[in-house]
Amino acid sequence: MKYAVFSLDIEDWYHLDYFSGKECDRSYSMLDGLDVYREILESYDIPSSYFVLGEIADSLKTNLKELSEQGNDIASHGWGHVRPLTMEVVPFESEIKASKEKLENIIGKQVMGYRAPCFSLDRERLDIVNKVGYKIDSSRIKFTNHPLYGDLNLDGFQQNIPAIYSLDDFFEFEVSTLPLAGRQIPVSGGGYLRIFPWIIMKKMIEYYLEKNNLFTLYIHPFELSSRTNPDFPDGTAGSNKFRFSLGRSTVIKKLHALIKLIQEKGYQFTTFSALREKMIHQKT
Ligand SMILES: [Zn+2]
């Protein structure tokens, strides 16, 4: 069986790393992209995993409860989108505990999953994720030459199927990339879906789907928001303004096309926690 897990990292536009430390107008929100995403997935009856920032969870209470009741995964994306590799381990541990508790209080269920902001995680911090009671991590991605991302060592883990690793009942789901001409192309990223023309993205994803058994997508509310761009804070580089805006008008259409392509290739849509259950049953 081949599986696809779509995930939305629920953060607002001002949480993006290239705005960090800048004066952003936080009263302007692009979280309406969550509703757009929900509507698209619900129209295909597809479940999803949602990685939520603790600091905005209260403003999304109704949404999160509904999503959880409908069988979606509510997981943690940390608290305020500070990159874990820039934090000491003690505050890191407190923040991932706090965000787990916050989400559990809202949905009334155990929160299993964690994804580090910017995939910024190392083995020491991954062990802390496991220690504080998470059962799933999805922060591992193979990137070439990307300064923000950590290199996540999985010594001692066993590989269940390619891109899924486990250490006892703790699972790591690697985010999909495609090796191409000596580089890793993140075919799973909302940013890449926006930026590349669909005709190119489709070819790469088709190739990936034929060779693999797990496809993951990660996308963000701002990418799907129907609102206009925010007033970018002073000092935002022109290249980042461009990167932020590029392809926002076409991404919804591409998301529909992507879902159809994945279905045609015989993949089954699921969530990380449902997939973890499946893997545990296969092992025993
Ligand atoms: Zn994020």
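On a predicted model such as this, the values are computed, not experimentally measured, just so you know.

Rules behind the numbers
- Residues numbered from 1 in each chain as written.
- Predicted model: local features only at pLDDT ≥ 70, side-chain atom pairs only at ≥ 80, totals over all residues.
- Helix = DSSP H or I, 4+ residues; strand = E, 2+ residues; numbered from the N terminus.
- Rg over C-alpha atoms; globule rule 2.2 N^0.38 Å.
- Buried ≥ 20, exposed ≤ 12 C-beta atoms within 10 Å, placed from the backbone.
- Contact = placed C-beta atoms within 7 Å.
- Pairing = 2+ DSSP bridges.
- Core = buried A, V, L, I, M, F, W, Y, C linked by C-beta atoms within 7 Å.
- Axes fitted to C-alpha atoms, helices over the stretch in contact; angles between N-to-C directions.
- Left-handed = near helix turned anticlockwise from the far one by under 90°.
- Nonpolar A, V, L, I, M, F, W, Y, C, P; charged D, E, K, R; others polar.
- Expected span 1.5 Å × (residues − 1).
- Arc of directions from axis to C-beta.
- Parallel < 35°, antiparallel > 145°, perpendicular 65-115°, else oblique.

Caption draft 1: Quick look at the overall build of the protein. On a plain count of helices and strands, the protein comes out with 11 helices and 12 strands. Scaling as 2.2 N^0.38, a compact globule of 284 residues should have a C-alpha radius of gyration of about 19 Å, and the protein matches this with 18 Å. Over its C-alpha atoms, taken along the principal directions, the protein stretches across nearly 55 × 45 × 40 Å. Looking at the protein as a whole, 42% of its 284 residues qualify as buried. Summarising the internal contacts of the protein: among those between residues at least 6 apart in sequence, 77% fall at separations of at least 24.

Caption draft 2: Spotlight on the pairing of strand β1 (residues 2-10). Of all 9 residues that make up β1, 8 are buried, and the element is covered over most of its length. In this structure, β1 lies alongside strand β12 (residues 267-270), joined through 4 bridges in parallel fashion. Paired with Ala-4 across the bridge in β12 is Phe-269. Where β1 lies against strand β11 (residues 214-219), 6 bridges are found, and the strand directions are parallel.

Caption draft 3: Local environment of unusual backbone geometry. You will see that His-81, though not glycine, has its phi angle at about 70°, which is positive. Non-glycine residue Ala-181 carries a positive phi angle of around 50°. On the secondary structure map, Ala-181 appears in the loop between β9 (178-180) and β10 (183-185).

Caption draft 4: The arrangement of the environment of Val-129 in detail. The residue Val-129 is located in helix α5 (residues 123-131) in this model. Spatially, the C-alpha atom of Val-129 lies 31 Å from that of Arg-243, the residues being 114 residues apart in sequence. Discounting residues that sit within four places of it in the chain, Val-129 has contacts with Ile-96, Tyr-114, Tyr-134 and Asp-137.

Caption draft 5: Structural view of the nonpolar core. Formed by 64 residues in total, the largest nonpolar core has its most connected members in Tyr-50, Val-52, Ile-74, Ala-75 and Ile-136. The element best represented in this core is β1, accounting for 6 residues.

Caption draft 6: The pairing of strand β6 (residues 158-161), seen in detail. Relative to strand β7 (residues 164-167), β6 runs antiparallel, the two sharing 3 bridges. Pairing of Ile-161 across the sheet is with Ile-164, part of β7. Counting the residues that bridge the hairpin from β6 to β7 gives 2 residues, and of these Ala-163 lies at a positive phi of roughly 80°.

Caption draft 7: Region of interest: the packing of helix α4 (residues 89-107) against α5. At their nearest, the axes of α4 and α5 sit 10 Å apart, and the two run at 35° to each other. The crossing of α4 and α5 is right-handed. Contact residues: α4 offers Val-89, Phe-92, Glu-93 and Ile-96, while α5 offers Glu-124, Arg-125, Ile-128 and Val-129. Class assignment of the residues belonging to the contact of α4 with α5 gives a composition of 5 nonpolar, no polar and 3 charged.

Caption draft 8: How the structure looks around α4. The first and last C-alpha atoms of α4 sit 27 Å apart over 19 residues, in line with the 27 Å expected at 1.5 Å per residue. Every buried residue belonging to α4 is among Phe-92, Ile-96, Ser-99, Lys-100, Leu-103 and Ile-106, and all of these are buried. Projected onto a plane normal to the axis of α4, the buried residues spread over an arc of 130° and lie on a single side. What points out from α4, more than 90 degrees from its buried face, is the exposed set Val-90, Pro-91 and Asn-105. Buried residues along α4 sit against β2 (49-52), α2 (54-57), α3 (61-69), β3 (73-76), β4 (113-114) and α5. Once α4 finishes, Gly-108 follows within two positions and takes phi at roughly 70°, a positive value.

Caption draft 9: Spotlight on the environment of Leu-121. Checked against the element boundaries, Leu-121 lands in the loop between β4 and α5. Separated by 123 residues in sequence, Leu-121 and Phe-244 place their C-alpha atoms 24 Å apart.

Caption draft 10: A look at the packing of helix α7 (residues 198-211) against helix α10 (residues 251-264). At their nearest, the axes of α7 and α10 sit 11 Å apart, and the two run at 25° to each other. Put simply, α7 runs roughly parallel to α10. Every pair of crossing elements has a handedness; the one defined by α7 and α10 is right-handed. Contacts between α7 and α10 involve Trp-198, Lys-202, Ile-205, Glu-206 and Leu-209 from the first element and Lys-254, Ala-257, Leu-258, Leu-261 and Ile-262 from the second.

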